[in-house]
Amino acid sequence: MTKARCNDMFDLSGRVALVTGGSRGIGKAACIALAQYGADVVVTGISSGNQATVDEINRMGRKSIFVRCDVSNPEDSKNAVATAVKEFGRLDILVNNAGTATVEPAEDTPVEEYDRVMAVNLRGLFFMCQAAGKAMIEAKRGGRIINIGSIFGRVGSEIGASVYHASKGGIVVLTRALACEWAKYGILVNAIGPGFIKTEMTKSIEEAPELYRLLRDRHALKRFGTPEEVAGAVVYFASDASRFVTGQNLYIDGGFTAW
Ligand code: NDP
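Enumeration according to the criterion identifies 7 aromatic pairs in this entry. Taking the centre distance of 6.4 Å and the plane angle of 75 degrees together, the rings of F152 and Y164 count as edge-to-face. Highlighted residues: F152 in the loop between β5 (143-148) and α6 (162-182) and Y164 in helix α6, separated in sequence by 12 residues. Owing to a relative accessible area of 5%, F152 belongs among the buried residues under this scheme. On the numbers, 6.2 Å between centres and 40 degrees between planes, the contact of F196 with F256 is tilted. Of the two residues, F196 is situated in the loop between β6 (187-194) and α7 (203-206) and F256 in the segment after β7 (249-252); the sequence distance between them amounts to 60 residues. As far as burial versus exposure is concerned, F196 and F256 are alike and both buried.

As C-alpha cells, this is what we get:
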C-alpha cells in the first residue's frame, strides 16, 4: 500500500465529531487530533477551557463550536447532539471522554460519592451513547462511538479507587453490548483503556513521590503517557482504518496490562 493510500485511511474530511470533556487532557488532545485529520468538532463540557480548544481548532481552519454539556444530565446530552446535527448537518463520531475519579477506601465511600462518579463515568456515558446513537440510526449513515475507559476497567488496585474501577469496568462490557446491538446500523463502538496519563486527573499522584513511583513502575515502559499518545487511537477508531473493528478495547498503557 502506498503512503498516500495509507494516509487516506485516516482521513476524516467531511466528518463531524462530538467530544465530551474537551477542555483539557485526553479530551483536548482528541479534539485537536480529529481536527488535524480533517474532522469538524463539537467540543462539549462545562468549563470555559472548552472555548480555548474551539479557538485552536478554528485557527487550524476547521469548524468547531462549544456546547455546554454536563454528561451527568441526560437532557444536556440530548441537547448537545441536537445542536451538533442542527449546526453541522450530521454527526459521525462520538468520543465519550468526560470522566471523574474518586479516591476513598471502599469501606468508607459515601453513597453520594459513588453516585457522583457513576453519574459521569457510566450513566452519563450511556445516555450520551443513546443520544448520539439515535441520531446516527435516524441519519442512516452509520457512525463511530469511542469510549474512553481505563486500565482500571480491567485490573484492580489497592489505592482506594474501587468506584472508579467499577465505572470503567462497566464501560468495557457496555461497549461490547452496543457494538452487537448497533452493528446492524453500521455504528461501530470501541473503547480505549489508557494507562496513567499526565493530566489534571493524575497531578496529585505525580506530586506524591512514593505512590507515583509505585504506579509508574507498573508500566513496562516505566513512565506515564501523554494525552497525545492516546489521541492516535481515537483517530484510528474514528477512521476507515478500523472499519472492520467493533466491540474492542484497546489498551494504550505503556505495557501496564502486559505483565
Ligand atoms: P481531566 O481531569 O484532565 O479532564 C476531565 C475532563 O472531563 C474535563 O474536560 C472536564 O470538563 C470533563 N468532565 C468532567 N466531568 C464532566 C461532566 N460532568 N460533564 C462533562 N464533562 C465533564 O481528565 P483526563 O484527561 O485525565 O481524563 C479523560 C478521560 O480519560 C476520563 O474518562 C478518565 O477517566 C480517562 N482516563 C484517564 C487516565 C489518566 O491517567 N489521566 C487513565 C485512564 C483513563 P470541564 O473542564 O468542562 O469541567
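This part takes up empty space enclosed by the protein. Under the counting rule described, the total for this entry stands at 1 cavity of 30 Å³ or more. Taken as a whole, the largest cavity spans an internal volume of roughly 40 Å³. Contributing to the lining of the largest cavity are T20, V71, N96, N97, A98, V120, N121, G124 and L125. Take the lining of the largest cavity: its biggest share by element is 4 residues, from helix α5 (residues 111-139). Per-class residue counts for the lining of the largest cavity are 4 nonpolar, 5 polar and no charged.

What the 7 strands build is an open sheet, ordered β3-β2-β1-β4-β5-β6-β7; its pairing is parallel. One side of each edge strand has no neighbouring strand; the edge strands of this open sheet are β3 (64-68) and β7. Put simply, the sheet's adjacent strands are angled 20 degrees from each other on average, direction ignored. In terms of strand pairing, strand β1 (residues 16-20) meets strand β4 (residues 93-96) through 3 bridges, oriented parallel. Within β4, the position partnered with L18 by the bridge is L94.

Bridge count between strand β2 (residues 40-45) and β3: 5 bridges; the pairing is parallel. Within β3, the position partnered with G45 by the bridge is R68. The handedness of the β2 to β3 crossover, carried by helix α3 (residues 49-59), is right-handed.

Around the ligand, a shell composed of 30 residues is seen, among which S23, I46, S47, Y164 and T199 lie nearest. I26 is positioned such that a nitrogen or oxygen atom in its backbone is 2.9 Å from an oxygen atom of the ligand. Contact between the ligand and I197: an oxygen atom at 2.7 Å from a main-chain N or O atom of the residue. In the complex, the protein chains occlude 92% of the 900 Å² of accessible area that the ligand would expose alone. Among the cavities detected, the one that contains the ligand is the largest pocket. Listing elements by their share of the shell around the ligand, those giving two or more residues are α2 (25-36) and α6. Within the shell around the ligand, the residues separate by chemical class into 12 nonpolar, 14 polar and 4 charged.

Attention shifts here to the environment of S239. Along the chain, S239 falls in the loop between α9 (227-238) and β7. For S239, a relative accessible area of 0% gives the class buried. The spatial distance from the C-alpha of S239 to the C-alpha of Y37 is 9.2 Å, given a sequence separation of 202 residues. Once residues within four sequence positions are removed from consideration, S239 is found in contact with M9, F10, L12, R15 and R144. Here Y236 takes part through its backbone oxygen, which lies 3.0 Å from a polar atom of the side chain of S239.

Conventions used here
Residues numbered from 1 in each chain as written. Predicted model: local features only at pLDDT ≥ 70, side-chain atom pairs only at ≥ 80, totals over all residues. Heavy atoms only, no water. Phe/Tyr/Trp six-rings, centres within 6.5 Å; stacked < 30°, edge-to-face > 60°. Helix = DSSP H or I, 4+ residues; strand = E, 2+ residues; numbered from the N terminus. Buried < 20%, exposed > 50% of the residue type's maximum accessible area, 1.4 Å probe, protein only. 1 Å grid on protein atoms, 1.4 Å probe; cavity = no way out; pocket = protein on both sides within 12 Å on 5 of 7 lines; lining within 4 Å. Points joined across faces, edges and corners; volume = space filled by probe spheres on them. Nonpolar A, V, L, I, M, F, W, Y, C, P; charged D, E, K, R; others polar. Pairing = 2+ DSSP bridges. Axes fitted to C-alpha atoms, helices over the stretch in contact; angles between N-to-C directions. Right-handed = clockwise from strand over helix to strand, strands pointing away. Near = heavy atom within 4 Å. Polar contact = N/O pair within 3.5 Å; in protein donor to acceptor, adjacent residues only side chain to side chain. Areas by Shrake-Rupley, 256 points an atom, 1.4 Å probe, with all protein chains shown as cover. Sits in = over half its atoms within 2 Å of the grid points. Contact = heavy atoms within 4.5 Å.

Honestly, that's just the spatial picture; any functional story needs more than this.
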